[in-house]
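Below, each chain spelled out in residue letters.
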Amino acid sequence: MTRVETGAPPAAAPASAAALLRERARWSLFDLLFWAAALAAFFVFPLRLPLLTEIAILGLFALSIDLLLGYAGIVSLGHAAFFGAGAYAAGILAQHGWGEPISGLAAAGLVAAALGFATSFLVLRGSDLTRLMVTLGVAMMVLEAANKAAWLTGGADGLNGVVMDPVFGVFEFDLFGHTAYWYALAVLFLCFLAIRRIVNAPFGLVLRGIQGNALRMSAVGAPVNRHLVAVYTLAAGFAGIAGGLLAQTTQFVSLDVLNFQRSAEGLLVLIIGGSGVLYGGLVGAVAFKLMQEWLSNITTQYWQFWLGAALVLLVLFARGGLLGLARRFLRRRPARSERGGAA
Amino acid sequence: MTPILATDRLSRSFGGLRAVNEVTFSLAPGARQALIGPNGAGKTTFVNILTGVIAPSFGSIRLAGEDITRLSRHQRVRRGMVRTFQVNQLFPDLTPLESVLLAIFERDGKAANLRRPAWREEAAAEEAAAILARLKLADVMDLPTAEIAYGKRRQLEIAVALACRPKLLLLDEPAAGVPDGERQDIMAAIAALPRDVAVLLIEHDMDLVFRFAERIAVLVGGTLLVEDVPERVAADPRVREAYLGESLDGRAA
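Residues numbered from 1 in each chain as written. Chains lettered and ligands numbered in written order. Predicted model: local features only at pLDDT ≥ 70, side-chain atom pairs only at ≥ 80, totals over all residues. Heavy atoms only, no water.

Along its length, chain A carries 15 helices and zero strands. Scaling as 2.2 N^0.38, a compact globule of 343 residues should have a C-alpha radius of gyration of about 20 Å, and chain A matches this with 21 Å. Seen through its principal axes, chain A has C-alpha atoms that stretch 75 × 45 × 45 Å. Here the contacts in chain A between residues at least 6 apart in sequence split such that 78% fall between residues at least 24 apart. Here chain A contributes 23 positive and 16 negative side-chain charges, whose respective centroids are spaced 17 Å apart. (Helix = DSSP H or I, 4+ residues; strand = E, 2+ residues; numbered from the N terminus. Rg over C-alpha atoms; globule rule 2.2 N^0.38 Å. Contact = heavy atoms within 4.5 Å. Lys, Arg positive; Asp, Glu negative; His and termini not counted. Charge placed at Lys NZ, Arg CZ, Asp CG, Glu CD.)

In structure tokens, the structure reads:
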């Protein structure tokens, strides 16, 4: 019973509790490398900018799922509903003459968040299975509604005539996708900063608490349902911004933005990269798109087979996705959880 | 003085079975009370009704004079009724520091903050560290909860509850499963609870009960049999009968 309780190795000064928390929230070399690589990609692959833009959009979509699944532990098979809502919101605005991109993107986020808020009450109760079914069902309904409302969405023909104004009134969306890439990357970075901030704030702790033990959360006085509504709304809003980006950079919206494939892809990307760490969705998006490119070059028709095989291997043998794998490789000893901070 | 907790004919039936039967019971602020009873006496159901996990079939609950019978679980916690769990209910991926901090943020209404980094809440972090130090958890406060020893996790159960700043603390078998060598730590922690917190200890371990409690309530078959000081409860023939085969002054059989 005479154990020393200083809580730190004798060599170092005892770390204060706030310092311990801060340590986990610090920027690291990995952050710098990742974003530097994203900038460098523009110069290294000037002919592949449309692909890079797609990666940024997919990354943002996966990041929004990470907030939901990786942090709060809410499974969803219908996140495309929000991506699509954002895409149509931005597209329809531009089609009707509101071509200013930044306000259009804000509108996309708001419309998707409103849809998220309205449907959040359906995912409060029930098990993971219930949530899977409810989110899937909601997304199917939204897809059919968009299909039916052809006067507004163009239905199966898609939304044509989306014309964007220059970003800040200066940078025209060009044929090579220069502006599109810078724009998408900047939006991704800003959304990343916002989400990073959220998960490092008290609310981030709340989300991880809900995932860890919802029963105990209510026993410490947490209004769990209110928190769930908040995170579902937020995640929907970010997905909507990703959808808006797609509409603005491709200047076209089709029903694909709402389909099951899109929800599944977002989930897949997140699992490949690693959920519950901010970079999971981003690294996953890079890996997924590159793998897709590479495999479809080798075997045009059967690339999905190999993608499926890679996914199965990854899930079975590399828990925590690519980032989990990388961390284990770098450390070679029991990994300590490092959510919220860098990967 | 207004009792911190007062139940009035609190009852709950499951089908034909009266699991809790017209329990009228009160606790003074700062009380040190134990609730004992043989297996199946309704202790767990009683705690679940108090904390709002299940609704009573009949009767009412008052917390510091306010009727809380219809309030949700987290609203009761906000008003000062906090519990620990017989089977650990912790956050496996969070560190003890984060777990306690989370409870403090919820208590202070800061949990919904999306913008201010958690580490900037220095007062909250210091408070969390102080609570953890009091429960001998300072040396493990930065490890994932899943990686700390079982006995430490039992201590953390109490630490998280204390962070909610309870007026009434329900301790549900705090020493359950703790090896003998570490029981002293739990007992010391319970003995050192702040005196302004009323404590209701639900426990099988008679050693712990008789060391800690100033009054003991005995629940048998869903009914409150006796509520008195330990000496008289121990001497009560009805209690001895209910505990047939178990020793009241030593460990439970």
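On we go from here.
For the rest of this paragraph, the subject is the pattern of salt bridges. When the charged atoms of two side chains with opposite charge come close together, those side chains can pair. Enumeration according to the criterion identifies 22 salt bridges over all chains in this entry. Notably, a salt bridge pairs A:R216 with B:E157, separated by 2.7 Å at the nearest N-O pair. With A:R216 in helix α10 (residues 214-219) and B:E157 in helix α5 (residues 150-163), this residue pair bridges two chains. Across the pair, exposure class does not vary: A:R216 and B:E157 are buried alike. Between B:D108 and B:R107 there is a salt bridge, and its shortest N-O distance comes to 2.9 Å. If you follow the salt bridges from partner to partner, you end up with B:R107, B:D108, B:E127 and B:R165 in one network. (Salt bridge = Lys/Arg side-chain N within 4 Å of Asp/Glu carboxyl O. Buried < 20%, exposed > 50% of the residue type's maximum accessible area, 1.4 Å probe, protein only.)

Right, let's talk about unusual backbone geometry for a bit. Look at A:Q251: it is not a glycine, yet its phi comes out positive at around 55°. In this structure, A:Q251 sits in the loop between α11 (224-250) and α12 (260-273). Here A:Q251 falls in the partly exposed class, since its relative accessible area comes to 26%. Here the phi dihedral of B:K136 falls at roughly 55°; this positive angle occurs in a residue that is not glycine. Within the fold, B:K136 resides in the loop between α4 (122-134) and α5. Residue classification places B:K136 among the partly exposed positions, given a relative accessible area of 31%.

What follows covers the UniProt feature "transmembrane region" (unreviewed entry) in chain A. Residues and elements named next belong to chain A. Following the UniProt record, the feature "transmembrane region" (unreviewed entry) maps to residues 29-49, 55-74, 104-124, 180-199, 227-247, 267-291 and 303-326 here. A helix fraction of 85% and a strand fraction of 0% characterise residues 55-74, whose end C-alpha atoms lie 24 Å from each other. Within the segment residues 104-124, helix and strand shares are 81% and 0% respectively, and the terminal C-alpha atoms sit 30 Å apart. (UniProt positions renumbered as here; feature names shortened; annotations may be inferred.)

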